[in-house]
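One-letter residues, chain by chain:
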Amino acid sequence: MQQVAEIQTPRGSQLAGERVFADLLRPLIEPGFRLALAMLHDRGAAEDAVQEASFTAWRKLATMRDQGRLRPWFLGVVANKCRNARRQKWTSGVSIGVPEELTVVSGEDSALRNADLRQAVARLPREDKLIVVLYFYLDLPLEEVAIAVGNSLSATRSRLYRSIKRLRPGVVVEEALW
Amino acid sequence: MVSLRSELHAAYDELGPEDAGLSERVVTTVARDRPRRATWSLRMRAPLSLVAVFVVIAVVAGALVGGRLIADWRSLSAPRVPAAPQTPLQKLEARPLHLLTVHSWTDCVYGPLASNGDPGVGPFHMSGSAVEIRTAWGSYLHEFLYADGPVTGPILVRARDQISGQPVVFVGQYASGPVAGTDVLDGQVVDQQVELVIDSVTTPYAWQIEDGLAKDAPGCRGWQIDGPGFTETFTF
């Protein structure tokens, strides 16, 4: 909490506060970018989302009571920014990482499989997609996923199971979790 | 056997690794631009502003309650005649909602959109923001409502979840109308009201609004904006 208190100080320790904030923020940028890229499938938009989330983080960090929740909280902000970015880009549609015309030749099966999987995840409801990306791609424990999406642990678990069933209908859920 | 986890890693890693300098670039930019950005937030969070907001809410709520008590008294004491809208706002409130029911998320399409991508083709548009406040009840978004140019008030804004029919509630400066419930925001109990009214229509014709939706609502927000001479609807 001392670090947060320093950030709140508008004068005097401002430089120290900025350093502390930078130290807190820096390790969050990479997972935030990966999350945004997985949600938006666009590097530029993902960078913008992380940038905007960082501004929000600076404004809101002083209200954080529990810094142990900083990572899932920041990822929740990134996810929300992605949601807004998706809203703003609705006219042009959000790329889901699949070319308009698939010109896959033999030997590119893995690329096709990857594109298919991204497409399948993209078709999930927004919150389910977020849970899948946070759990499987960012390797967050389910507890942190629940904090990031703002749901209870049990609700998050059930949504994750449901998503697994949609992505891999024939697979036993427990097998998919490892 | 390939796990779903490793498949997803492969699928998303294919989109490209993080730019090596991204972390430093973001941190530097935030530190550099922070004061300008923070002004907006501090203005919203300053205690005096909060007091002002709650005073406005109290005045509006008092006026509404008082107005309704008077209206009730008059309706009891006056001979029964069909009620006719009196004030400009009441006339707007009497307009029916034209928000279509949407059956599923796949049918929930944002729009119609202006040329800049914002929902609403005019005279009003809406722009989202990254600010979302979550509570045990649901979540609140800070969004901007703006007009193309001069408009005449009052402006009445109502919104519904187009899938579930649940009302979108409003808190903050422009919240108005019937109270649907209460919630705790920033440690304060606030009324959730089902209308948003903009009486004072002045430049720059942009208003920051706070709208909330219950956490069990699907989130397909349909908006209807009524003003003198127009009704505008969009999904956002």
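Residue positions are counted from 1 within each chain, in the order its sequence is given. Here the convention is simple: chains get letters from A, ligands get numbers from 1, in the order in which they are written. In keeping with the predicted nature of the model, local features appear solely for residues at pLDDT of at least 70, side-chain atom pairs appear and are counted solely at 80 or more, and the whole-chain, interface and lining totals rest on all residues.

A.B. asks: Outline the overall build of chain B, supporting the account with residue identities and numerical values.
C.D. replies: Within chain B, the secondary structure is distributed over four helices and ten strands. Start at the N end of chain B and walk to the C end: the helices and strands fall as α-α-α-α-β-β-β-β-β-β-β-β-β-β. Around each residue's C-beta, the other C-beta atoms within 10 Å are counted; 20 or more make the residue buried, 12 or fewer make it exposed, and counts in between make it partly exposed. All C-beta atoms are placed from the backbone. Burial status across chain B gives 30% buried among its 236 residues. Note on contacts: each residue gets a C-beta atom placed from the backbone, and two residues are in contact if those atoms are within 7 Å. A fraction of 64% describes how many contacts in chain B between residues 6 or more apart in sequence connect residues 24 or more apart. Working definition: helices are DSSP H or I runs of at least four residues, strands are E runs of at least two. Numbering for both runs from the N terminus.

A.B. asks: Please provide a residue-by-residue account of the overall build of chain A, values included.
C.D. replies: Secondary structure summary: chain A contains nine helices and zero strands in total. The order of helices and strands in chain A, counted from the N terminus, is α-α-α-α-α-α-α-α-α. When each of the 178 residues of chain A is scored for burial, the buried share is 40%.

A.B. asks: Help me get a handle on helix α5 (residues 109-122) of chain A, residues and values and all.
C.D. replies: With 14 residues, α5(A) extends 20 Å between its outermost C-alpha atoms, agreeing within 8% with the 20 Å of an ideal straight helix rising 1.5 Å per residue. Listing the buried residues of α5(A) in full gives A:Asn114, A:Leu117, A:Arg118 and A:Val121. In an axial view of α5(A), the angular spread of the buried residues amounts to 100°, which keeps them on one side of the axis. Those residues of α5(A) that are buried are in contact with α6 (126-137) and α8 (153-167) of chain A together with α1 (4-13) of chain B. Each residue after the first adds 1.5 Å to the expected span of a helix. To be clear, the arc concerns the directions from the helix axis to the C-beta atoms.

A.B. asks: So what's going on with the pairing of strand β9 (residues 221-227) of chain B? Which residues, and what values?
C.D. replies: The two faces of the sheet receive side chains in turn, since in a regular strand these alternate between them. Residues and elements named next belong to chain B. Extensive coverage of β9 is indicated by the burial of six of its seven residues. The pairing of strand β4 (residues 155-161) with β9 spans six bridges and is classified as antiparallel. Residue Leu 156 lies in a different strand from β9, and its bridge partner there is Asp 226. Across six bridges, β9 lies against strand β10 (residues 230-235) in antiparallel orientation. Bridged to Trp 223 within β10 is Phe 234. Remark: two residues form the turn of the hairpin made by β9 and β10, two consecutive strands paired antiparallel; Gly 229 in that turn has positive phi of roughly 90°. Strand pairing is assigned whenever DSSP identifies at least 2 bridges connecting the two strands.

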